[in-house]
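# Structural features, examined
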Amino acid sequence: MKTLEVDLGNRSYPIHIGTDLIDQPELFRTCEKATSLYIVTNTTVAPLYADRLTKTLEKLGKPVRRIVLPDGEVYKDWKNLQLIFDDLLKHGADRQTMLIALGGGVIGDMTGFAAASFMRGIRFIQVPTTLLAQVDSSVGGKTGINHPLGKNMIGAFHQPAAVIADLNTLKTLPARELSAGLAEVIKHGAIADAEFLNWIEANTSALLACDTNAMAHAVLRSCEIKSAVVSADEREGGIRATLNFGHTFGHAIEAGMGYGEWLHGEAVGCGMVMGAELSHRLGQISKSEFERLSKIIHAMNLPIQPPKFGAKRYMELMQVDKKTEGGQIRYVILEKMGKAQIKSVPDTQVLETLVATGAS
Ligand code: NAD
Ligand code: GLY
């Protein structure tokens with residue numbers, strides 16, 4: 001097992017990465033101060049891992065309850081968030097109750113937001129079971145739900161007390177979901193570590209086969225990159241925005257298609273192709289670097305052809321983005337492989353990018 005620390009002063013927390021971690025009660029010892037524990041999960045993950053996790057948590061001598069939500073991005077909304085509050089209030093949860101998010105990014109984001117707002121804030125743990133959640137969403141404290149007009153528009157920053165990433169849970173993940181997680185792994189290489197991108201390219205087959213050693217490295221390096229960025233800029237005043245490479249275009253694809261049609265990671269993968277094209281048009285990366293990144297994304301079985309919504313619709317959708325300031329959309333641009341910056345860009349180059357990628 002490897003353990004990293006997200007360094008945030010008195011809100012610092014460990015990320016444990018290894019195999020069979022959900023069976024190890026000592027990793028959950030931060031729950032010792034809790035009065036009760038609620039596993040929040042969904043109808044797909046519960047039958048796979050909730051009994052094992054319950055057994056582990058019961059060894060801490062606390063009452064353990066389970067809240068099982070419907071599965072899907074389309075349920076990441078107010079109505080289903082309310083189900084968590086209903087259960088907590090019905091069963092006498094208090095300020096020392098802790099929530100344990102068992103699932104992918106949807107469960108992690110919703111559980112984190114419930115923890116941020118229940119009784120003005122209680123503690124929670126992330127037990128991510130998708131690759132995307134292990135390499136990205138469980139770390140950094142962004143929590144929230146979708147609004148019909150925009151992705152992740154309602155939420156809060158609320159850091160977990162620990163992240164426990166059990167690599168063995170990835171073995172039951174459908175291939176399409178694994179590829180979606182690989183999009184965020186590629187993103188970390190593209191924005192922060194060119195060497196890591198080389199490693200990803202060289203290990204495409206092992207990653208697609210969910211080889212445990214390859215996964216361990218992908219999760220570890222991604223968490224190192226993400227935790228360094230989050231420690232430097234927790235609330236996204238600057239450098240954290242670069243973690244959104246591919247997301248301005250990607251969120252537009254997700255919202256435009258209807259949540260759940262494209263997986264978040266698929267939209268981000270395709271969004272990175274569009275972001276790389278824009279970076280090239282701005283004279284930053286070369287044509288061959290753009291083509292190489294597109295090839296790496298495509299090799300992970302991710303779509304690289306955006307839906308043809310047309311320029312007007314893309315611009316409308318991209319306007320509803322948390323990076324937009326004073327009506328100005330801001331984009332994450334690759335300066336070179338392994339280095340990114342955030343900036344406003346003339347509409348002409350964005351429109352050219354939409355045409356060049358077949359989005360318009
Ligand atoms: P997800 O949570 O919908 O999980 C994908 C699917 O895999 C679901 O059907 C789920 O039930 C299933 N699943 C989960 N674990 C499994 C397992 N071990 N075996 C079999 N099936 C399993 O999707 P995701 O890709 O994990 O997360 C996407 C969400 O994360 C989006 O809502 C996105 O906005 C959010 N996100 C948040 C952050 C952040 O910083 N908070 C970062 C990136 C993405
Ligand atoms: N996924 C982007 C962030 O956490 O900032």
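Residues numbered from 1 in each chain as written. Chains lettered and ligands numbered in written order. Predicted model: local features only at pLDDT ≥ 70, side-chain atom pairs only at ≥ 80, totals over all residues. Heavy atoms only, no water.

### Some points on the site of ligand 2
Around ligand 2, the neighbouring residues are Asp136, Lys142, Lys226, Glu236, Arg240 and Leu243. Between an oxygen atom of ligand 2 and a side-chain N or O atom of Lys142, the distance comes to 2.8 Å. Contacts to ligand 2 include Arg240, whose side-chain N or O atom sits 2.7 Å from an oxygen atom. Surface burial for ligand 2 is 90%, taken as the share of its 200 Å² of free accessible area covered by protein chains. Each residue belonging to the shell around ligand 2 can be placed in one class, and the counts come to one nonpolar, no polar and five charged. (Near = heavy atom within 4 Å. Polar contact = N/O pair within 3.5 Å; in protein donor to acceptor, adjacent residues only side chain to side chain. Areas by Shrake-Rupley, 256 points an atom, 1.4 Å probe, with all protein chains shown as cover. Nonpolar A, V, L, I, M, F, W, Y, C, P; charged D, E, K, R; others polar.)

### Quick look at the site of ligand 1
Lining the immediate environment of ligand 1, one finds 28 residues, of which Asp71, Glu73, Thr129, Thr130 and Thr172 sit closest. At a separation of 2.7 Å, an oxygen atom of ligand 1 approaches a polar side-chain atom of Asp71. Within the side chain of Asp109, one N or O atom sits 2.9 Å away from a nitrogen atom of ligand 1. When isolated, ligand 1 has an accessible area of 870 Å², and the protein chains bury 91% of it. Of all the elements in the fold, those that place two or more residues in the shell around ligand 1 are α1 (46-58), α3 (105-117), α4 (131-137), β8 (150-157) and α5 (175-192). In terms of residue class, the shell around ligand 1 is made up of seven nonpolar, 11 polar and 10 charged. (Helix = DSSP H or I, 4+ residues; strand = E, 2+ residues; numbered from the N terminus.)

### Considering the pattern of salt bridges
Within the structure shown, the criterion is met by 23 salt bridges. Between Arg221 and Glu224 there is a salt bridge, and its shortest N-O distance comes to 2.8 Å. Pair noted here: Arg221 and Glu224 are both in helix α8 (residues 212-232), with a separation of three residues, about one helical turn. Residue Glu224 is classed as partly exposed on the basis of its relative accessible area of 28%. In the salt-bridge network here, residues are joined through shared partners; they are Asp136, Glu184, Lys187 and Lys226. (Salt bridge = Lys/Arg side-chain N within 4 Å of Asp/Glu carboxyl O. Buried < 20%, exposed > 50% of the residue type's maximum accessible area, 1.4 Å probe, protein only.)

### Description of the domain arrangement of the protein chain
Interface extent is often summarised as the accessible area lost during association of the parts. When the domains of the protein chain are assigned, the result is domain 1 (2-172) and domain 2 (175-356). For domain 1 and domain 2, the distance between their C-alpha centres works out to 25 Å. Counting from both sides, the interface comprises 33 residues of domain 1 and, opposite them, 36 residues of domain 2. In total, about 3,000 Å² of surface goes out of reach between domain 1 and domain 2, with carbon and sulfur atoms giving 67% of it. At the boundary of domain 1 and domain 2, one finds five salt bridges. When the shortest N-O distance is used, the salt bridge between Glu234 and Arg11 registers 2.6 Å. Where the side of domain 1 that touches domain 2 is concerned, the elements lending two or more residues are β1 (2-6), β2 (13-18), α4, β7 (142-147) and β8. Across the side of domain 1 that touches domain 2, the residue classes tally to 16 nonpolar, eight polar and nine charged. (Domains from an automatic or database assignment. Contact = heavy atoms within 4.5 Å. Buried area = accessible area lost by both parts, 1.4 Å probe.)

### A few points about the nonpolar core
Counting 52 residues, the largest nonpolar core has Leu131, Ile186, Ile200, Leu293 and Leu334 as its most contacted members. Split by domain, the residues of this core number at least three in each of domain 1 (2-172) and domain 2 (175-356). Leave out the neighbours within four places in its chain, and Leu131 touches Leu170, Leu173, Leu178, Gly181, Leu182, Val185, Met215 and Val219. Ranked by size, the runner-up nonpolar core spans 24 residues in total, among them Leu27, Val45, Tyr49 and Val127. (Core = buried A, V, L, I, M, F, W, Y, C linked by side-chain atoms within 4.5 Å.)

### Let's talk about helix α10 (residues 264-281)
Along its 18 residues, α10 runs 25 Å from first to last C-alpha, staying within 8% of the 26 Å computed at 1.5 Å per residue. Along α10, 16 of the 18 residues are buried, which leaves the element largely enclosed by surrounding structure. Gly283 sits one or two positions beyond α10 and adopts a positive phi of about 80°. (Expected span 1.5 Å × (residues − 1).)

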